[in-house]
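Coordinate analysis (summary)
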Amino acid sequence: MIRFSSSMKFACLSAVLVLGACTHKQEAVTTAPPPAAAAPAPAPAPVTSSIIPGSAEDLRVNVGDTVHFALDQYNVEETDKALLGRQAAWLQRYPAVRVTIEGHADERGTREYNLALGARRANAVKEYLVSQGVSTGRVETVSYGKERPICTSSDEGCWSQNRRGVTIVSGGANS
Amino acid sequence: MKKFLVLLAVLAAFAAQPALAQLRVDVTQGVAQPLPIAIPDFVGDPQAGANIAGVVRADLERSGLFRPLDQKGFAERVTNINAVPNFGSWRAITAQGLVTGQVTQQPDGRLRVDFRLWDVYGESQMLGLQFFTTPENWRRIAHMVSDAIYERITGEKGYFDTRIVFISETGPATRRVKRLAIMDQDGANPIFLTNGSYMVLTPRFNPTAQMIAYMSYIATKPRVYLFDIETGKQEVLGNFPNMTFSPRFSPDGNRVALTLETGGNSDVYVMDLRSRSVQRLTTDPGIDTAPSFSPDGRQIAFESDRGGSQQVYVMNADGSGQRRISFGAGNNGTPVWSPRGDLLAFTKQQGSRFTIGVMRTDGSGERLISSGGRDEGPTWAPNGRVLMYSRGLGGGAGSQIWSVDVTGRNERRVLTPGSASDPAWSPLIQ
C-alpha cells in the first residue's frame, strides 16, 4: 500500500478552472462602441443582435474556427491555410486574446492513440499560427481524442467532420 | 475495502480416505460442456442462505465452466450440512458437484457461513470452509465461496471477489458525460466516484485495488490523477507541463507508466511514486503510448506508430531494447500484459473494425477472441483466464462492457448501470 505525503494530496483540486468561460453576448448593443458623431442618421433599424468585434463569436462566425485533417494525418491542409491565416491576422488585431486549439480525431483509432493524434493536430494548428506571427504564449492546445465528435454516423461524411482542429477563445476577448 | 475482516477456517473433512478428486475442469481449452453442479440454497438463515447461494450460482454460471442445476429438480433436501449427502440422489439428477452451506447469525451479530463442496461421483468432500463477517458483507462471502469452488475444481485461482473500475457514460455522443465508477465484478454495488462535471478516461487499479490512476479533464490540461478509494481524495500525478494520459501501475504498485505529450509528440515515461522521480523511456517522434508492465515488472509493452502504422512494441522497463512484436494485419494497439505473463491482450483495428486479440509476448500465436466490431481496451481477470473490454454500439449509441474467456468462448455482456466503457479489473481483494 502506497502512502503519499499529505502535502501531495491536495495538489489537484485547487487547479480547477473553467475552460472557455468566455460569454457570448447576443444583445450587446449597449456595449458596442458609440458611433462617431455625424449627421443625424435616420432612425436606426432595431438591432436584435450583433457580433462584437474581437469576441469569441467574432472568431467563430466571421473568421472561422475549424480546420480538418486527413485520416491519421496531422499536417495542415493547403485548403485550410487561408483560414488559419485569417485567424492569425485576427489574433494580431486583438492582441489580448488567448486561444486554445482543440484537437479531435474520428472514431477509427483506440482511445489512447486518438488522444495522441488529437494532440498532434492541435499542435500543428498552433505551429501554423505561430509561423504566421502569433506569439506562442497566446496559444494553448488540448486533445479530446475521439471523445467529442460533432457527428456520430460511422461513415466518411462524419469521420471527416470529426477529424478537426478548433480554435476557441480562452481569454482576453471583447465581450 | 480493507475494512472487511473475513475470518476463514477449514472445516474437518468427512471422507476418511484421502479421496482422489475426480471432479476437475480443464480451463485451458475453455469448455464446451459446463460441469453440472447442484448448489441448493444454504440452510440456516433462509434469506441470507438463498442470497448467498444465488450469487454463487450466478458467479459459477457466468464463468461458462459450470452449469448450476435448477433447484426444483433436487430430490434430496439438504437440512444438515454436517451430514454426508446421499450421493445417489444427486447422481440421479446428473450433478457432478454438490455445494452445501449454512448461514447463521453469531451472538456478536456477525454472519457465519460454512460450506462444503462434494464430489458426487467420488463420494467425497473436496473442500470445507467457514467464514465470519459482518452481515452487510454477504456478497463478498458469496464471491469468496465461488472463488474457493472454482479454484478447487479447476486448479486455477478464482476471480469473483474482485471489482471493476470503469467509465459510466450518459448523454448524447456529442456531449457525453463520463464519470468514474466502480462496481463488483458481477455488476452489483455500482458507485460513482466523480460527478460528471469533467470528463474522465482510462482508469486503472493499483495492485492493492486501493488506488485508481486515470485521466481527468478537471483542469485546463487533461492529466493523469490518482484516486484513493478509501479517502476519496484525488491528486494530480506529477508536475508535467502538458497532457499526460494512459496510466498503468507497475506490478509492485510503486511506479506508474504513462504518456506525456510535448509539442504534439507523445512518449512513454515512468514515475516512481515514492521519490516522484520521472524517467523518459521513449524518444521517438512517433506516437508512443499505452504502456503496460509485465507481471515481473521487468518489461513494458506499448504501442507506437514509429514504423508507419500503430503496432505493439516491447521494451525493458528502463527503456532499452525497444522492438516491434506485432506483425499481423491492420493496426494493433493497447497491449495489456496477462497477469500470468504468458500473453498480451491487444486491440486490433482493421479499417473501422476493432477486435480484441491475444498473442504471445514475442508476437506469435495471434488469436482474435471477441466478436464485436467496436471492441477495444482489454483488461485481464487476475487469474489471466477471462478478459473484459469496451464494446461500442456505433452511431452514437454508447458502449457496453463485455467479457470473454481467453480461449474466445463464453462472450457475454457485463451488466452496468447504463452505458459504460474502459473497464479495468482489480486484483483479488485482500
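A brief report on the enclosed structure follows. The residue numbers shown here count from 1 along each chain, following its written sequence. Each chain gets a letter, beginning with A, and each ligand a number, beginning with 1, in the order they are written. Whole-chain, interface and lining totals are the exception, using all residues; otherwise, since this is a predicted model, local features are given only for residues with pLDDT of at least 70 and side-chain atom pairs are given and counted only at 80 or more. Side-chain numbers come from the whole structure's heavy atoms, not from hydrogens or water.

Some thoughts on the packing of aromatic side chains
Residue and element names in this part refer to chain B. Threshold: Each Phe, Tyr or Trp ring, with Trp reduced to its six-membered ring, pairs with another whose centre is within 6.5 Å; inter-plane angles below 30 degrees give stacked pairs, above 60 give edge-to-face pairs, and intermediate values give tilted ones. Strands here mean DSSP runs of E at least two residues long; helices mean DSSP runs of H or I at least four residues long; both are numbered from the N terminus. Burial classes follow relative accessibility: with a 1.4 Å probe on protein chains only, a residue under 20% of its type's maximum area counts as buried, one over 50% as exposed, and anything between as partly exposed. Only when the NZ atom of a Lys or the CZ atom of an Arg is both within 6 Å of the ring centre and within 35 degrees of the ring normal do we say a charge sits over the ring.
Counted under the stated rule, the structure contains eleven aromatic pairs over all chains. Arranged with centres 5.6 Å apart and planes meeting at 85°, the rings of Tyr-159 and Trp-425 form a pair that is edge-to-face. Of the two residues, Tyr-159 is situated in the loop between helix H3 (138-154) and strand E8 (163-170) and Trp-425 in strand E31 (residues 419-425); the sequence distance between them amounts to 266 residues. No difference in accessibility class separates Tyr-159 from Trp-425, as the two residues are buried. One aromatic cluster in this structure is built from Tyr-150, Tyr-159, Phe-160 and Trp-425. We note Arg-91 situated over the ring of Tyr-121; from NZ or CZ to the ring centre the distance is 5.9 Å. A cation over a ring is seen here: Arg-306 above Tyr-313, with NZ or CZ 5.0 Å from the ring centre.

Quick notes on the packing of helix H1 (residues 46-62) of chain B against H3(B)
Residue and element names in this part refer to chain B. What counts here: Only the stretch in contact is used when a helix axis is fitted, and all axes are lines through C-alpha atoms; the angle between N-to-C directions ranges over 0 to 180 degrees. Angular relationships are summarised with four words: roughly parallel below 35 degrees, roughly antiparallel beyond 145, roughly perpendicular across 65 to 115, and oblique for the angles in between. For any pair of crossing helices, the crossing counts as left-handed if the nearer helix is rotated counterclockwise from the farther one by less than a right angle, and right-handed if it is rotated clockwise. Residue contacts are counted whenever heavy atoms from the two residues lie within 4.5 Å of one another.
Viewed as axis vectors pointing N to C, H1 and H3 meet at an angle of 45°, and their least axial separation amounts to 8 Å. Considering their axes alone, H1 and H3 lie oblique with respect to each other. Handedness of the H1/H3 crossing: right-handed. Contact residues: H1 offers Asn-51, Ile-52, Val-55, Val-56, Asp-59 and Leu-60, while H3 offers Trp-138, Arg-139, Ala-142, His-143, Val-145, Ser-146 and Ile-149.

Here we look at the environment of B:Lys221
As a reminder of what qualifies: Under the rule applied, a polar contact is a pair of N or O atoms within 3.5 Å (in protein, one hydrogen donor and one hydrogen acceptor; residues adjacent in sequence only if both atoms are side-chain atoms).
Residue placement: B:Lys221 occurs in the loop between strand E12 (211-216) and strand E13 (223-228). Since its relative accessible area comes to 8%, B:Lys221 is described here as buried. Considering only alpha carbons, one finds B:Lys221 and B:Thr244, 23 residues apart in sequence, at a separation of 8.4 Å. Those residues in contact with B:Lys221 that sit more than four places away from it in its chain are A:Glu140, A:Thr141, B:Ser216, B:Pro241, B:Asn242 and B:Met243. At 2.8 Å, the side chain of B:Lys221 and the backbone oxygen of A:Thr141 are in polar contact.

A closer look at the pattern of salt bridges
Residue and element names in this part refer to chain B. Stated precisely, the cut-off is as follows: One side-chain nitrogen of Lys or Arg within 4 Å of one carboxyl oxygen of Asp or Glu is enough to make a salt bridge.
Taken as a whole and assessed by the stated rule, the structure comprises 36 salt bridges over all chains. Across the pair Arg-280 and Asp-267 runs a salt bridge whose closest N-O atoms are separated by 2.7 Å. Of this pair, Arg-280 sits in strand E18 (residues 278-280) while Asp-267 sits in strand E17 (residues 265-272), and the two are 13 residues apart along the sequence. By relative accessible area, Arg-280 is classed as partly exposed at 41%. In this structure Asp-267 comes out as buried when scored by relative accessible area, which is 2%. We note a salt bridge from Glu-366 to Lys-348, for which the minimum N-O separation is 3.2 Å. Taken together, the residues Glu-366 in the loop between strand E25 (353-360) and strand E26 (367-368) and Lys-348 in strand E24 (residues 343-350) connect sequence positions 18 residues apart. The class for Glu-366 is partly exposed, based on a relative accessible area of 33%.

Some thoughts on the layout of surface pockets
Space left empty within the atom packing is revealed by a probe, the size of a water molecule, rolled over the atoms. Just so we agree on the cut-off: With a 1 Å grid spanning the protein atoms alone, the term cavity applies to any set of points in which a 1.4 Å probe fits but cannot get out, the term pocket to an open set with protein on both sides within 12 Å along at least five of seven lines, and the term lining residue to any residue with an atom within 4 Å of a point. Grid points are joined across faces, edges and corners, and a volume is the space filled by probe spheres set on the points.
Reported here for the second largest pocket is a volume of approximately 560 Å³. Within the residue set of the lining of the second largest pocket, elements represented by two or more residues are strand E11 (200-205), strand E15 (244-249), strand E19 (288-293), strand E23 (331-337), strand E27 (375-380) and E31 of chain B.

A closer look at the environment of B:Gln400
Residues and elements named next belong to chain B. Position of Gln-400 among the secondary structure elements: in strand E29 (residues 399-405). When its relative accessible area of 14% is taken as the criterion, Gln-400 is described as buried. The spatial distance from the C-alpha of Gln-400 to the C-alpha of Gly-418 is 8.2 Å, given a sequence separation of 18 residues. Gln-400 has contacts with Tyr-389, Ser-390, Arg-391, Leu-393, Arg-413 and Ala-420, leaving out every residue within four places of it along the chain. A polar contact of 2.8 Å, which involves the side chain of Gln-400, links it to the side chain of Trp-402.

Describing the pairing of E25(B)
Residue and element names in this part refer to chain B. What counts is decided by this rule: Strands qualify as paired when DSSP identifies two bridges or more between them.
The element E25 is extensively covered by neighbouring structure, given that six of its eight residues are classed as buried. Sheet topology places E24 next to E25; eight bridges connect them, and they run antiparallel. Across the sheet, residue Lys-348 finds its bridge partner in E25, namely Thr-355. Adjacent in sequence and paired antiparallel, E24 and E25 are bridged by two residues, among which Gly-351 carries a positive phi angle near 65°. Summarising the sheet, E25 and E26 pair through two bridges and their orientation is antiparallel. Residue pairing in the sheet places Val-358 in a bridge with Arg-367 of E26. Two successive antiparallel strands, E25 and E26, enclose a turn made up of six residues, where Gly-363 displays a positive phi of approximately 90°.

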